[in-house]
Amino acid sequence: MAGFGVLIVSGILSAIFLFFIAVFAAAAAYIMASYVLEGFSIACMRKKAGDAHTFPAWIPFYSKYLLGKLADRRVMGAVSALLTLLSVCLCVYFYVCQELNTLWFILLLMALLAVFILDTLIAHRIYKSRAGKYGDVLTVFTVLSLGLLRPVFLFAVRNRAAESVPAPECGN
């Protein structure tokens, strides 16, 4: 009887292991597809804006700045790039040290939340300038998907001509 129990437990553990491998493979595939779609989007938008050098769109972290530059939000793009770099450094730190420091983990969560907000604001500006009245709808779907659809939407609007977006008016 004990041999049968060991067989069941090893089967369960194998299924759990395969589940985590599948989740990791799906996450890696999404990250690669997202990187490619965003790179093509930035390169096409820069080319349409008259920039002959589209290669920088493929440089990690710097592409965040370029996206902010395309949206006329350079500071937001630079902050997003730096916070993304900080997030990657913290993830590497947690992986190498195999230790979860609460303060560093809270900093990581705050940096990821700030990157999500900044990327959504930058993308909204691009959506509004390139998709017009549908920009708000694209932003809502970007937020509802937790940013997973942002590279797809940027890729979809990449070839549209950019229009000037008026600055929001503040009440007195």
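Residues numbered from 1 in each chain as written. Predicted model: local features only at pLDDT ≥ 70, side-chain atom pairs only at ≥ 80, totals over all residues. Heavy atoms only, no water.

For the chain, the count of helices and strands is six helices and zero strands. Along its sequence from the N terminus, the chain presents helices and strands in the succession α-α-α-α-α-α. Seen through its principal axes, the chain has C-alpha atoms that stretch 75 × 40 × 35 Å. Taking the contacts inside the chain whose residues are at least 6 apart along the sequence as the reference set, 58% of them involve residues at least 24 apart. Of the roughly 11400 Å² of accessible surface on the chain, 75% is carried by carbon and sulfur atoms. Of note, the chain has its 14 positive side-chain charges centred 8 Å away from the centre of its 8 negative side-chain charges. (Helix = DSSP H or I, 4+ residues; strand = E, 2+ residues; numbered from the N terminus. Contact = heavy atoms within 4.5 Å. Areas by Shrake-Rupley, 256 points an atom, 1.4 Å probe, with all protein chains shown as cover. Lys, Arg positive; Asp, Glu negative; His and termini not counted. Charge placed at Lys NZ, Arg CZ, Asp CG, Glu CD.)

Take the packing of aromatic side chains next. Applying the stated criterion across every chain yields a total of eight aromatic pairs. With 5.6 Å between their ring centres and 55 degrees between their planes, Tyr 93 and Phe 94 make a pair best called tilted. Here Phe 94 falls in the buried class, since its relative accessible area comes to 14%. One Lys or Arg, Arg 158, reaches over the ring of Phe 155 and ends 3.8 Å from the middle of that ring. (Phe/Tyr/Trp six-rings, centres within 6.5 Å; stacked < 30°, edge-to-face > 60°. Buried < 20%, exposed > 50% of the residue type's maximum accessible area, 1.4 Å probe, protein only. Lys NZ or Arg CZ within 6 Å of the ring centre and 35° of its normal.)

This paragraph deals with unusual backbone geometry. Despite not being glycine, Asp 72 shows a phi value in the positive range, around 60 degrees. Mapping Asp 72 onto the fold places it in the loop between α2 (62-70) and α3 (74-97). Of the residues examined, Asp 72 reaches a relative accessible area of 58% and is grouped as exposed. Residue Leu 146 is not a glycine yet carries a positive backbone phi of 60 degrees. Looking at the element boundaries, Leu 146 is found in the loop between α5 (135-144) and α6 (150-156).

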